[in-house]
Amino acid sequence: NWSTGMSATQALVQMQKMKTAAAAAEYWASDSVSTYNRHVIVKQICFTKHVSHASIASAIIEHILQQPATTRLDCSWVLLLCVTVARTHDPAYLEQIVRLKSGYTDLSMAVDSNLLFEFSPKGERSTAVEDTAAWVKSQHFPYKGEAGEAIRTIILAYAAQYSSDLVVRYWESYRDEAAFSKRFNLSNEWELSNATLV
């Protein structure tokens, strides 16, 4: 039986071994993992490469969307989860980022709008805004019905305000991992231990 004193690294290894990403996210949100360690794990998921990390990040985002009031995580740290899924360029994750952007105000502010254009079908950041806008208007856009309409509306609203140059510039700041990592400082243990999402 694991004690509550388990390290964040041990907890992440435990999560990677779980049969489903949803089970890993439930474990992350449970009392088995301290609030401080949840922040350490989210940072490790973003800055270390593992085959399971995108699906675990996505499952944690889903948990946040379902239970924002009980999620013990500093709001700004949600960006790390979003960058983790955006790196895959898999459009399956686009809906979650849109839902975060259109949801709670603080959460919406924490999520970088440029990430909406990381799922561009051509995979070119230099034309990502134009390509994404064309894609959401086309018959090839995988999201249909009400969900598709909601995603299309948000993406077109941001596309009207953004240029692809901006997307390129912002992504460069994520590629500088040392500088990006510094923005998420784990040294303020007391503050992070008492963090809440909303």
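Basis of the calculations
Residues numbered from 1 in each chain as written. Predicted model: local features only at pLDDT ≥ 70, side-chain atom pairs only at ≥ 80, totals over all residues. Heavy atoms only, no water. Helix = DSSP H or I, 4+ residues; strand = E, 2+ residues; numbered from the N terminus. Rg over C-alpha atoms; globule rule 2.2 N^0.38 Å. Buried < 20%, exposed > 50% of the residue type's maximum accessible area, 1.4 Å probe, protein only. Contact = heavy atoms within 4.5 Å. Areas by Shrake-Rupley, 256 points an atom, 1.4 Å probe, with all protein chains shown as cover. Phe/Tyr/Trp six-rings, centres within 6.5 Å; stacked < 30°, edge-to-face > 60°. Lys NZ or Arg CZ within 6 Å of the ring centre and 35° of its normal. Axes fitted to C-alpha atoms, helices over the stretch in contact; angles between N-to-C directions. Left-handed = near helix turned anticlockwise from the far one by under 90°. Nonpolar A, V, L, I, M, F, W, Y, C, P; charged D, E, K, R; others polar. Salt bridge = Lys/Arg side-chain N within 4 Å of Asp/Glu carboxyl O.

Draft legend 1. Seen up close, the overall build of the protein. The number of helices and strands found in the protein is 12 helices and 0 strands. Radius of gyration (C-alpha) of the protein: 17 Å, near the 16 Å computed for a compact globule of 198 residues. With the principal axes as the frame, the protein shows a C-alpha extent of 50 × 35 × 30 Å. The buried share among the 198 residues of the protein stands at 48%. Nonlocal contacts in the protein, meaning residues at least 24 apart in sequence, comprise 72% of its contacts between residues at least 6 apart. Of the roughly 9900 Å² of accessible surface on the protein, a fraction of 52% belongs to carbon and sulfur atoms.

Draft legend 2. How the structure looks around helix H8 (residues 128-137). Along H8, 7 of the 10 residues are buried, which leaves the element largely enclosed by surrounding structure. Check the buried side of H8 and you find it contacts helix H6 (94-101), helix H9 (145-159) and helix H10 (164-175).

Draft legend 3. Fine view of unusual backbone geometry. The phi torsion at His 89 lies on the positive side, around 60°, for a residue other than glycine. With respect to the element layout, His 89 can be found in the loop between helix H5 (78-86) and H6. For His 89, a relative accessible area of 37% translates into the label partly exposed.

Draft legend 4. Focus on the packing of aromatic side chains. Under the criterion given, the structure shown has 9 aromatic pairs. Among the aromatic residues, ring-to-ring pairing joins Phe 47, Trp 77, Trp 171, Tyr 174, Phe 180 and Phe 184 into one connected group. A cation sits over an aromatic face here: Arg 38 above Trp 28, 5.9 Å from the ring centre.

Draft legend 5. Region of the structure containing the environment of Glu 177. Here Glu 177 lies in helix H11 (residues 177-182). Separated by 131 residues in sequence, Glu 177 and Cys 46 place their C-alpha atoms 9.9 Å apart. If near-sequence neighbours (up to four positions away) are discounted, Glu 177 is found in contact with Phe 47, Lys 49 and Arg 87.

Draft legend 6. Local environment of the packing of helix H4 (residues 53-66) against H6. Their axes nearest at 11 Å, the elements H4 and H6 cross at an angle of 35°. In this structure, H4 meets H6 at a crossing whose hand is left-handed. Note on element contacts: H6 touches H4 through Gln 96, Arg 99 and Leu 100, opposite Ser 58, Ile 61, Glu 62, Ile 64, Leu 65 and Gln 66. Looking at side-chain class alone, the contact of H4 with H6 contains 4 nonpolar, 3 polar and 2 charged residues.

Draft legend 7. Layout of the pattern of salt bridges. For the structure on display, the rule yields 7 salt bridges. Across the pair Lys 122 and Asp 131 runs a salt bridge, and its minimum N-O distance is 3.8 Å. One salt bridge connects Glu 172 with Arg 175, and the closest N-O pair in it is separated by 3.3 Å. You can see Glu 172 and its partner Arg 175 sitting in helix H10, 3 residues apart, about one turn around the helix. On the accessibility criterion, Glu 172 (41% relative accessible area) is partly exposed. Among the charged side chains, a network of salt bridges with common partners joins Lys 49, Arg 87 and Glu 177.

Draft legend 8. Up close: the environment of Leu 65. When you line up the elements, Leu 65 lands in helix H4. Assessed through its relative accessible area of 17%, Leu 65 is described here as buried. Considered as a pair, Leu 65 and Leu 107 are 42 residues apart in the sequence and their alpha carbons are 9.8 Å apart. Here Leu 65 is in contact with Gln 96, Arg 99 and Leu 100, once residues within four sequence places are set aside.

Draft legend 9. View of the side chain of Arg 152. Tracing the chain through its elements places Arg 152 in helix H9. Setting aside chain neighbours within four positions, we find Arg 152 in contact with Val 136, Lys 137, Phe 141 and Tyr 143.

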